[in-house]
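Topology and contacts: notes
One letter stands for each residue in the lines below.
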Amino acid sequence: MTGREGRDGGDVFAGTLAELTWHEVDRAARSGAVLLWAFGVIEQHGPHLPTGTDVYLPGARLRAVRELLAERGVEALIVPPYYWGVNVVSGAFPASYSVRPELIREVMVDLLGGMARDGFRHVFCFSGHGDALHNRTVHDGIRSACERTAANASFVTEPALARRIGLDLDDPYLTLSGPDEPPPDGPVDVHAGNWETSLMMHTNPDLVREEVRARLEPSGLGPRELAVWRRGFEHARRVTPDGYLGDPAAADAGEGHRIHASTAEQAADAIVHRLQGAA
Ligand SMILES: [Zn+2]
């Protein structure tokens, strides 16, 4: 991996099928290409990261996954990101917009149905956003589309998230990616903290407010405060008044590169595994 993927000035259409002609998309569908599609959100990410963080990060990840799939002989196209998601946790902050889950589900049914009509036989959906209701909605949209249209789609996600949103790990609409391990000990780092800021410093460094980031105190919260934070809205705003939960000052671009590369590798492996099972 070059480490350059994703550093293209924040253009969310970059590398997606929005840059292709219909002839090129049609040819890819006929030759058996799979689709990769990220579901993000516009949401506050502390005083140092942009509101599109959950759209930029999966975009960069999908571009890396596509390269890795190509090395494994699988052609993939990237669908432009879906960027209006569900916000419960950040729902009481400015710049955190939410769409009713049933509307997202119906849009997914229409669009996944359209992709199936084009002849795409596998759509792999990803989430850029940790909110539980957002992720249940993505899963619900996939299941509804598969039940009501000719779509064949699945949700590429790690076992811990699948469990957190109440799914069985053998759910047919899941493509599990990465190891099944408990969350690490120590202070919680789940939103705009060390890992997410590290990733943005790797993929979109120009969008990180570096002088602000370097001076932020770690939130230093544990599982009990995390449970309150996850109730969302005013609870989350009270627990994290500045909007981040973690340690952004400890973030590091090299660590971001490592996480980016390993999660892309895990996703590519999971997709190849599912395709082999389907063959
Ligand atoms: Zn985020």
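Since this is a predicted model, take the numbers as computed values, not measurements. (Residues numbered from 1 in each chain as written. Predicted model: local features only at pLDDT ≥ 70, side-chain atom pairs only at ≥ 80, totals over all residues. Heavy atoms only, no water.)

1. Let's talk about the overall build of the protein chain
In terms of helices and strands, the protein chain carries 10 helices and five strands. Computed over C-alpha atoms, the radius of gyration of the protein chain comes to 18 Å, within 12% of the 19 Å expected from 2.2 N^0.38 for 279 residues, which places it in the range of a compact globule. C-alpha extents for the protein chain along the principal axes are approximately 50 × 40 × 35 Å. Counting only contacts in the protein chain whose residues sit at least 6 apart along the sequence, the fraction spanning at least 24 positions is 78%. Looking at the protein chain as shown, the accessible area adds up to about 13,000 Å², and 52% of this sits on carbon and sulfur atoms. Considering the protein chain, the positive charge centre built from 27 side chains and the negative charge centre built from 39 side chains are found 3 Å apart. (Helix = DSSP H or I, 4+ residues; strand = E, 2+ residues; numbered from the N terminus. Rg over C-alpha atoms; globule rule 2.2 N^0.38 Å. Contact = heavy atoms within 4.5 Å. Areas by Shrake-Rupley, 256 points an atom, 1.4 Å probe, with all protein chains shown as cover. Lys, Arg positive; Asp, Glu negative; His and termini not counted. Charge placed at Lys NZ, Arg CZ, Asp CG, Glu CD.)

2. What to know about the packing of aromatic side chains
Tallied over the full model, the rule gives four aromatic pairs. Taking the centre distance of 6.3 Å and the plane angle of 65° together, the rings of Trp84 and Tyr97 count as edge-to-face. Here the residue Trp84 occupies a position in the loop between strand E2 (76-82) and helix H3 (101-117), and Tyr97 occupies one in the loop between E2 and H3, the gap between them amounting to 13 residues. Residue Tyr97 is classed as partly exposed on the basis of its relative accessible area, which comes to 47%. Here the aromatic residues Trp37, Phe39 and Tyr82 are joined through ring pairs into a cluster of three or more. In this arrangement the basic side chain of Arg237 is found over the ring face of Phe93, its NZ or CZ atom lying 4.9 Å from the centre. (Phe/Tyr/Trp six-rings, centres within 6.5 Å; stacked < 30°, edge-to-face > 60°. Buried < 20%, exposed > 50% of the residue type's maximum accessible area, 1.4 Å probe, protein only. Lys NZ or Arg CZ within 6 Å of the ring centre and 35° of its normal.)

3. Looking at helix H10 (residues 253-278)
Residues spaced three or four apart along an α-helix point in a common direction, a consequence of the helix completing one turn every 3.6 residues. In this model, H10 (26 residues) spans 37 Å end to end at C-alpha, consistent with the 38 Å of a helix rising 1.5 Å per residue. Looking at where H10 begins, the residue whose side-chain oxygen comes 3.1 Å from the main-chain nitrogen of Gly254 is Asp252. (Expected span 1.5 Å × (residues − 1). Polar contact = N/O pair within 3.5 Å; in protein donor to acceptor, adjacent residues only side chain to side chain.)

4. Re the pattern of salt bridges
Under the defined criterion, the tally for this structure stands at 10 salt bridges. The salt bridge involving Asp269 is made with Arg72; its shortest N-O contact spans 2.8 Å. Taken as a pair, Asp269 in helix H10 and Arg72 in the loop between helix H2 (53-71) and E2 lie far apart in primary sequence, 197 residues in all. Residue class for Asp269 comes out partly exposed when judged on its relative accessible area of 38%. Measuring nitrogen to oxygen at the nearest pair gives 2.8 Å for the salt bridge that ties Arg148 to Glu106. A residue pair is termed long-range when its members are at least 10 positions apart, and Arg148 in helix H4 (residues 132-148) and Glu106 in helix H3 qualify at 42 residues. When its relative accessible area of 48% is taken as the criterion, Arg148 is described as partly exposed. Beyond isolated ion pairs, a larger network of salt bridges with shared partners links Arg105, Glu106, Asp140, Arg143 and Arg148. (Salt bridge = Lys/Arg side-chain N within 4 Å of Asp/Glu carboxyl O.)

5. Quick look at the coordination of the zinc ion
Protein coordination at the zinc ion comes from His45 (NE2), Asp54 (OD) and Glu196 (OE), with a distance range of 1.9 to 2.1 Å. Within one chain, the residues donating to the zinc ion are spaced in sequence as H-x8-D-x141-E. Asp54 shares its class with His45; the two are buried. (Donors = N, O, S within 2.8 Å, 3.2 Å for Na, K, Ca; no water.)

6. Some thoughts on the pairing of E2
Extensive coverage of E2 is indicated by the burial of six of its seven residues. Pairing of strand E1 (residues 34-39) with E2, which is carried by five bridges, proceeds in the parallel orientation. Each bridged residue has a counterpart across the sheet, and for Phe39 the counterpart in E2 is Tyr82. The handedness of the E1 to E2 crossover, carried by H2, is right-handed. (Pairing = 2+ DSSP bridges. Right-handed = clockwise from strand over helix to strand, strands pointing away.)

7. What to know about the side chain of His139
Residue position: His139 is located in helix H4. Judged by relative accessible area, His139 falls into the buried class, the value being 4%. A polar atom in the side chain of His139 sits 3.1 Å from the side chain of Asp171. Not counting residues within four places of it along the chain, the set of residues in contact with His139 comprises Phe155, Leu167, Asp171, Tyr173 and Leu174.

8. Side note on a nonpolar patch on the surface
Together, Tyr83, Trp84 and Tyr97 make up a nonpolar patch on the protein surface, roughly 330 Å² of accessible area in all. Overall, the relative accessible area of 40% leaves Trp84 in the partly exposed class. (Patch = residues over 30% accessible without salt bridge, like charges linked within 9 Å, V, L, I, M, F, W, Y side chains within 5 Å.)

9. Looking at the pairing of strand E4 (residues 153-157)
By the criterion of burial, E4 is predominantly enclosed, with five of the five residues buried. Along E4, one buried face is formed by Ala153, Phe155 and Thr157 and the opposite face, lined by Ser154 and Val156, is buried too. In the sheet, strand E3 (residues 123-127) pairs with E4 via three bridges, with the strands oriented parallel. Its bridge partner being in E4, Cys125 is matched across the sheet by Phe155. On the question of chirality, the crossover connecting E3 to the parallel E4 by way of H4 is right-handed. Judged from the three bridges that link them, E4 and strand E5 (residues 174-176) form a sheet pairing that is parallel. Following the sheet pairing, Phe155 is matched in E5 by Leu174. Handedness of the β-α-β unit built from E4, helix H5 (residues 159-164) and E5 comes out right-handed.

By themselves, these are just geometric observations and shouldn't be taken as functional.
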